[in-house]
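One-letter residues, chain by chain:
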Amino acid sequence: MTEPVLVFSRPHRAPGEDTYVSEVLASGHVHGDGPFTSAASTLLREITGAPQALLTTSCTHALELAGVLLEIGPGDEVVVPSFTFSSTAAAVAMRGATPVFVDVDPTTLCLDVDLLEAAITERTRAVYTVHYGGVGHRLDELTALCARRGIDLVEDNAHGLGARWRGRPLGTFGAMATQSFHDTKNVHCGEGGALLVNDVDRFAQRAEIVREKGTNRAMFLRGQVDKYTWVDTGSSYLPSDLLAAVLRAQLEDFERIQAGRTAVWDRYAHDLPSWAEDVGATLMHVPEEAEHPAHLFYLLMPDHEGQTGLLGHLREQGIVGTFHYQPLDSSPAGQRLGRTPVPCTVTADVAARLVRLPLWPDLTDADLDRVVAGVTSYPGGPRS
Ligand SMILES: *Cc1c(COP(=O)(O)O)cnc(C)c1O
């Protein structure tokens, strides 16, 4: 085999990064909440429409921060989907509360709203939902149900920057939402995240304080108090302006990133349906009401042998595909720290059949020809 390995994901490089990072280093303001943090936060508010955006060191930390603001603690329960990254549930467990696992909808792999009501008890304080692949699903029903039951909604929007449900940006449906800027996400700064606060009356002021070691430094920087002091519980959730410099450059390049990713996604969606029908696979589904951000492209093979088989077949051709989340409800920590009222059978099923294809903005037409040929030559085909 002569062709280079086609990786699954490659962190984007934005044109302004080097200049901005040098500017931060030269400026003498390298710690957090400097001019680049401010610029990146403004861009985030513009993209999402959220009234407050606070940069954090990760999406996981933003989820923890949300848990502090909601005053979630021992004895409380938070509903999370069983098909998500560990962080969504770990942030609940970090508060001493219990993650309650609910299965996902088989068409979008987002939390199944029909199963939610039965999982709610008098201990339920919040729902941390995940827009899998940045695809929103039944968000009107989800927000209405949470409102009716007096439960806060937090969106783990790690995949969904720039996506919409019925025209409204993901990240604006919950009282708060969290973003990830890990280098596997559409927009990144290596490691990073943000907390979006929509319910500013309840959370905006305290969010700044808890993020800054429990101090009112943000008010001090705005000239609202003449010295800053320790006023509340807190931790250090703010990233250095060095990371914010990279993030600003990436957010300024957002349209180009999204155009590149969308072109890849559209190519897969265009070229794979007839092969999928032949082998009994199904391609990622996007409801009509959803605009998705081309964060990932997945297909569901008919069975687990198909998943292993297709991944191996691609690997033989130097193409890296991958599966995704292992079910949290049956994970060691999920069993010890969580509660699963009803077995999450859809999660177990899709985790064993899902295959994701390479997706990053600079994949060339030749790369895509290779991936499409690799997929559609499975199984068997003319190769001897
Ligand atoms: C990536 C991801 C996270 C974690 O993000 P970090 O920024 O690495 O903490 C959390 N939830 C989901 C759904 C993710 O995809």
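For the structure itself, consult the block above.
Scoring rules and cut-offs
Residues numbered from 1 in each chain as written. Predicted model: local features only at pLDDT ≥ 70, side-chain atom pairs only at ≥ 80, totals over all residues. Heavy atoms only, no water. Near = heavy atom within 4 Å. Polar contact = N/O pair within 3.5 Å; in protein donor to acceptor, adjacent residues only side chain to side chain. Areas by Shrake-Rupley, 256 points an atom, 1.4 Å probe, with all protein chains shown as cover. 1 Å grid on protein atoms, 1.4 Å probe; cavity = no way out; pocket = protein on both sides within 12 Å on 5 of 7 lines; lining within 4 Å. Sits in = over half its atoms within 2 Å of the grid points. Nonpolar A, V, L, I, M, F, W, Y, C, P; charged D, E, K, R; others polar. Disulfide = S-S within 2.5 Å. Buried < 20%, exposed > 50% of the residue type's maximum accessible area, 1.4 Å probe, protein only. Salt bridge = Lys/Arg side-chain N within 4 Å of Asp/Glu carboxyl O. Helix = DSSP H or I, 4+ residues; strand = E, 2+ residues; numbered from the N terminus.

Here the focus is the site of the ligand. Taken together, 15 residues form the shell around the ligand, and within it Thr60, Asp156, His159, Ser180 and Lys185 come nearest. In the model, an oxygen atom of the ligand is placed 2.5 Å from a nitrogen or oxygen of the Thr60 side chain. In this structure, a nitrogen atom belonging to the ligand sits 2.7 Å away from a side-chain N or O atom of Asp156. Burial of the ligand by the surrounding chains reaches 93%, relative to a free accessible area of 390 Å². For the ligand, the cavity whose grid points lie within 2 Å of the majority of its atoms is the largest pocket. A class-by-class count of the residues in the shell around the ligand yields five nonpolar, eight polar and two charged.

A full pass over the atoms with the stated rule returns zero disulfides. Left unpaired, Cys344 is separated from the closest cysteine sulfur, that of Cys110, by 15 Å. Residue classification places Cys344 among the buried positions, given a relative accessible area of 4%.

Enumeration over the complete set of coordinates arrives at 25 salt bridges. Residue Asp152 pairs with Arg202 through a salt bridge whose shortest N-O separation is 2.9 Å. Separated by 50 residues along the polypeptide, Asp152 in strand β5 (residues 152–156) and Arg202 in helix α7 (residues 200–211) bring together distant segments of the chain. Classification of Asp152 by relative accessible area gives buried; the value is 14%.

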